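# Structural description and commentary
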Amino acid sequence: MSCLSKRLKRTKSEEEAFLEKAKRIAHENGKRLGLEGDADLNFLLVGGELIKIRSSSWKRNRFFKLQEDCKTLWYKSHKTFRKNQTFSIDDIESIRKGRQSEGLNKHTDPSVEEMCFSIIFKGRKKNLDLMAANGSEAKQWVSGLDKIIHNMRNLSRQQKSEHWIINCMRKADKNADNKMTLKELKHFLRQVNVEVDDTYAAEIFKTCDTSNSGSLEGEEIEHFYDLLTHREEVDVIYGKYAQTEGQMSSKDLLNFLLTEQMEKVSMEDALKLIEKYEVDGTAKQNKRMSKDGFLMYLHREEGSIFNPAHKQVYQDMHQPLNHYYISSSHNTYLMEDQLKGPSSTEAYIKALMKSCRCVELDCWDGANGEPVIYHGYTLTSKVLFRDVIKAINDYAFKTSDYPVILSLENHCSVDQQKLMAHHLISILGEALLTKPVGNTMPSDFPSPEGLKGKFLIKGKRLNKLDAALNNNNSTLEEDTVSEEDEAADCKENGHKSKSKKSKIKLAKALSDIVVYCKSVHFSGFEHAKDCQVFYEMSSFKESKAFNLAENSGTAYIHHNIDKLSRIYPAGSRTDSSNYNPVPMWNVGCQIVALNFQTPSKEMHINQGRFLQNGLSGYVLKPEFQRSLSSQFDPNTGPWLKRKTFYVMVISAQQLPKINKDKHKSIVDPLVRMEIYGVPADNASKETHYIDNNGFNPMWNEKFQFNIHVAELALLRFVVEDYDSTSQNDLIGQYCLPLSSVQNGYRHVPLLTKRGDVICSAGLFVHLMLVDAQ
């Protein structure tokens with residue numbers, strides 16, 4: 001496909017024709033992305049020399065260029081067996097201009113700031129650190145890549161699907177003659193994950209080959225494309241409601257929206273949808289929706305399972321801080337396991353860019369008087385405290401404006417604690433909260449709205465908050481406090497044998513910047529009620545927290561009505577695995593800290609929980625978890641608003657091949673629906689599997705779930721490749737709060753195990769959440 005891949009020598013005329021074709025393909029793809037004639041796109045298509053940087057001594061010139069599909073970057077490698085390397089734009093998480101990666105910051109001089117940029121990949125793939133010849137070229141690389149990434153992400157699923165199918169067709173066209181033989185057609189069908197027997201493939205071919213030339217070209221390929229992408233299930237729905245000369249009038253569309261989608265809409269809303277999505281000019285003029293317009297609507301956010309109103313901050317953000325679930329990370333600095341993996345500022349950036357609002361810093365004495373962050377008593381690498389604070393300051397509020405809590409686990413000497421306080425104050429500046437809002441003694445937490453753009457420090461404090469405000473603040477520069485509970489647990493797990501009640505010396509400078517999140521040991525709910533003030537919070541190891549949730553659910557909820565609770569994984573989870581966060585949310589715990597670096601079901605659930613409310617990292621707890629009069633217990637009820645949830649799994653589209661190395665491997669997909677919530681709601685049901693069809697499998701299977709507490713329930717779809725001899729492979733998954741589900745016929749996007757969108761893949765379902773009879 002690429003003019004740069006290994007090939008036989010072409011004649012001059014063949015080369016000219018080939019380059020002309022490549023230019024035309026690039027033009028078509030640029031147009032499809034809305035970047036026709038864009039100077040930055042053309043710059044990337046021509047390509048250029050960049051310096052690839054791995055260390056202070058390893059800096060190599062490499063030629064990079066964008067391929068004609070406008071979604072693959074190619075560069076020449078000096079590796080013996082991989083001379084030409086490529087990666088997809090889909091694999092890129094972001095582009096960072098300047099020396100904004102750990103590598104560039106460490107291995108380049110500040111004078112080349114304008115010439116540097118980094119390509120940050122999804123998952124665990126290493127950053128690509130690059131330097132252009134000058135600042136303007138670096139700017140063009142960054143601008144061009146940003147435009148492509150932005151426009152690709154904003155394509156509708158239908159457009160992504162077309163882009164994907166057309167590029168698969170090109171790959172199948174082995175001799176690049178713009179024609180498709182029967183052999184090439186079979187190759188193409190395997191590319192798009194469809195196993196078709198030879199007779200059926202020959203049948204499709206014969207139907208489309210109207211010229212009887214033995215190959216498909218032009219309109220014949222278009223006919224084949226239409227046959228392939230035909231959505232029979234959508235035809236049935238459209239046919240039922242298109243009662244006006246074979247099309248949907250605005251009245252027909254309104255009838256569909258009210259009856260099937262169960263939406264509270266008016267004629268004005270139906271007309272807006274026609275105006276927005278109708279592709280046929282005549283139909284739009286007649287205020288009608290054609291089948292193509294209807295399919296376009298189903299593929300856009302109005303036709304998605306996720307309520308588009310919940311994409312923005314829609315909840316009341318003026319409640320006290322502890323009335324929200326807060327997206328939280330455990331040992332944020334770790335990129336991999338808890339024993340020997342690397343520590344990095346990148347881990348903080350990745351978590352913050354996913355709207356994590358509470359990050360953890362394990363602080364220890366470092367060389368040259370500079371505190372470091374690492375997992376104590378292990379072989380994990382170390383990163384400077386100062387560098388971490390700089391990274392947090394740069395990235396904390398890029399995805400969400402709402403406050404970030406820095407959870408300090410302090411093991412430093414007094415001198416290095418003073419330096420920690422200095423770094424926090426000098427780097428974070430006015431964004432660091434160092435005194436209560438309003439400068440008066442508070443009786444409750446401020447709200448996320450009132451703390452926008454602010455950093456809060458969670459840690460030990462030498463005295464009560466009122467002592468500081470009443471100028472009764474101790475003049476001692478240091479004093480002794482008990483160690484953090486998690487630090488003590490860490491020692492208890494065999495890293496070092498010390499008494500659990502061990503003490504540390506705390507510097508006044510570090511103590512004074514702890515305002516609303518003072519760490520204290522938990523000694524029971526009654527003790528907390530009688531002796532703790534609202535800003536004194538406890539951390540709970542998962543086993544203790546689960547035990548309390550199971551045996552004292554209502555008491556735990558009441559405790560969390562006026563205090564904060566932080567939950568952390570057991571020390572035995574050395575592989576950075578996660579616990580199920582749902583039982584903790586069920587009892588109102590706010591800071592449920594997970595290992596963000598580990599792709600797992602638990603992280604999918606966490607991503608689903610915080611998908612709503614504008615990806616702010618804050619979700620308002622249900623009213624029964626905020627009211628002192630509530631007698632709710634997640635294990636026993638009372639159940640006040642029971643619901644019945646009906647799901648029909650209709651079909652899937654363009655599921656990716658799992659084993660791409662196996663030329664002939666095709667998936668056998670099945671769909672599982674999982675409900676997570678109070679114990680009475682936890683359930684799982686699945687479809688049968690379909691043999692050899694990942695392109696357009698059809699199930700039409702119906703399921704019913706009885707829901708006791710819809711406000712706490714999450715719905716997760718899992719698509720797997722069935723295997724009778726071993727564990728099924730994950731194809732894709734998607735999780736969201738049940739309260740964000742839209743009724744009716746909906747498309748469900750699919751994400752990878754790491755939580756990234758699979759561009760053209762999805763499910764088509766029908767959903768109804770109704771009051772139980």
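Predicted model only: the values in this text are computed from it and were never measured. Sequence order as written defines the numbering, with residues in each chain counted from 1. It should be noted that, the model being predicted, local features are given only for residues of pLDDT at least 70 and side-chain atom pairs only at 80 or more, the latter also being counted only at that level, while totals for whole chains, interfaces and linings use all residues. With hydrogens and water stripped out, all remaining heavy atoms of the structure feed into the side-chain values.

### Some details on the overall build of the protein chain
- In this text, helices come from DSSP runs of H or I with a minimum length of four residues, and strands from runs of E with a minimum of two, each type numbered from the N-terminal end. A tally of helices and strands in the protein chain yields 24 helices and 30 strands.
- Both definitions apply: the radius of gyration is a C-alpha atom measure, and the globule rule equals 2.2 Å times residues to the power 0.38. Expected size for 773 residues packed as a compact globule is a radius of gyration near 28 Å; at 29 Å, the protein chain falls within 12% of this value.
- Exposure classes here rest on a 1.4 Å probe applied to the protein chains alone. A residue is buried below 20% of its type maximum, exposed above 50%, and partly exposed in between. When the 773 residues of the protein chain are sorted by exposure, 56% land in the buried category.
- Throughout, a residue-residue contact means that at least one pair of heavy atoms, one from each residue, lies within 4.5 Å. Considering only residue pairs separated by 6 or more positions, the protein chain has 68% of its internal contacts joining residues 24 or more positions apart.

### Quick notes on helix α11 (residues 267-277)
- For α11, the set of buried residues is A270, L273, I274 and Y277. Looking down the long axis of α11, one finds its buried residues gathered within 100° of arc, a one-sided arrangement. The exposed set on the far side of α11, more than 90 degrees from its buried face, consists of E268, K272 and E275.
- Considering only its buried residues, α11 is in contact with α10 (250-259), α12 (281-285), β9 (288-289) and α13 (291-299). Here the arc refers to the set of directions running from the helix axis out to each C-beta atom.

### Focus: a negative patch on the surface
- Candidates for patches are residues over 30% relative accessible area with no salt bridge; among them, like charges are joined within 9 Å and nonpolar side chains (Val, Leu, Ile, Met, Phe, Trp, Tyr) within 5 Å. Here the accessible surface of atoms and residues is derived via Shrake-Rupley with a 1.4 Å probe, and residues count as covered only by protein chains that are part of the display. What makes a salt bridge here is a side-chain nitrogen of Lys or Arg within 4 Å of a carboxyl oxygen of Asp or Glu, nothing more. Charge counting follows a simple rule: Lys and Arg are positive, Asp and Glu are negative, and His as well as the terminal groups are ignored. Here the site of a charge means atom NZ of a Lys, CZ of an Arg, CG of an Asp or CD of a Glu. Taken together, the side chains of E219, E222, D226, D280 and D292 make up a negatively charged region of the molecular surface.
- With 3 residues, helix α8 (residues 219-229) is the largest single contributor of residues to the negative patch.
- As for its position among the elements, D292 is in helix α13.

### Points about helix α24 (residues 601-609)
- The element α24 is largely enclosed, with a buried count of 7 among its 9 residues.
- Buried within α24 are the following residues: E602, M603, H604, I605, N606, G608 and R609.

### Considerations on the nonpolar core
- The definition of a nonpolar core used throughout is a set of buried Ala, Val, Leu, Ile, Met, Phe, Trp, Tyr and Cys residues joined through side-chain atoms within 4.5 Å. Ranked by internal contacts, the top residues of the largest apolar core, which has 70 residues, are L361, I392, L406, L424 and Y556.
- Per element, the largest residue contribution to this core is 6 residues, and it comes from helix α15 (residues 385-395).
- Within the second largest apolar cluster, 35 residues are counted, among which are F645, A713, V719 and L751.

### So, the pattern of salt bridges
- Taken as a whole, this structure holds 30 salt bridges when the rule is applied.
- Among the ionic pairs, R672 bridges to E686, the shortest N-O distance being 3.6 Å. Placement of the pair is R672 in strand β24 (residues 669-676) and E686 in strand β25 (residues 683-686), with a sequence separation of 14 residues.
- The buried category is assigned to R672, whose relative accessible area is 15%.
- Three or more residues are tied together by salt bridges with common partners; here these are R672, E674, E686, R716 and E720.

### Things to note about a positive patch on the surface
- The grouping of R124, K354, K753 and R754 at the surface amounts to a positive patch.
- The topology assignment puts K354 in the loop between α14 (345-353) and β11 (358-364).

### As for the pairing of strand β27 (residues 714-721)
- Here β27 lies mainly inside the structure; 8 of its 8 residues are buried.
- Neither face of β27 is left uncovered, since the one carrying L714, R716, V718 and E720 and the one carrying L715, F717, V719 and D721 both have all their residues buried.
- The rule for pairing is simple: two strands pair if DSSP sees at least two bridges between them. In this structure, β24 lies alongside β27, joined through 8 bridges in antiparallel fashion. Note that in β27 the partner of Y676 across the bridge is L714.
- Pairing geometry for β27 and strand β28 (residues 729-737), over 8 bridges, is antiparallel. Within β28, the residue paired with L714 across the bridge is P737.

### Re the pairing of strand β2 (residues 59-66)
- Relative to β2, strand β1 (residues 48-53) runs antiparallel, the two being bridged by 6 bridges. Among the inter-strand pairings, E49 is bridged to a residue of β2, identified as F63.
- Between β1 and β2, which pair antiparallel and follow one another directly, the connecting turn spans 5 residues.
- In this sheet, strand β3 (residues 72-76) lies alongside β2 in antiparallel orientation, the contact comprising 3 bridges. The residue of β3 that forms the bridge with F64 is Y75.
- Hairpin connection between β2 and β3: a loop of 5 residues separates the two successive antiparallel strands, and C70 in this loop has a positive phi of roughly 60°.

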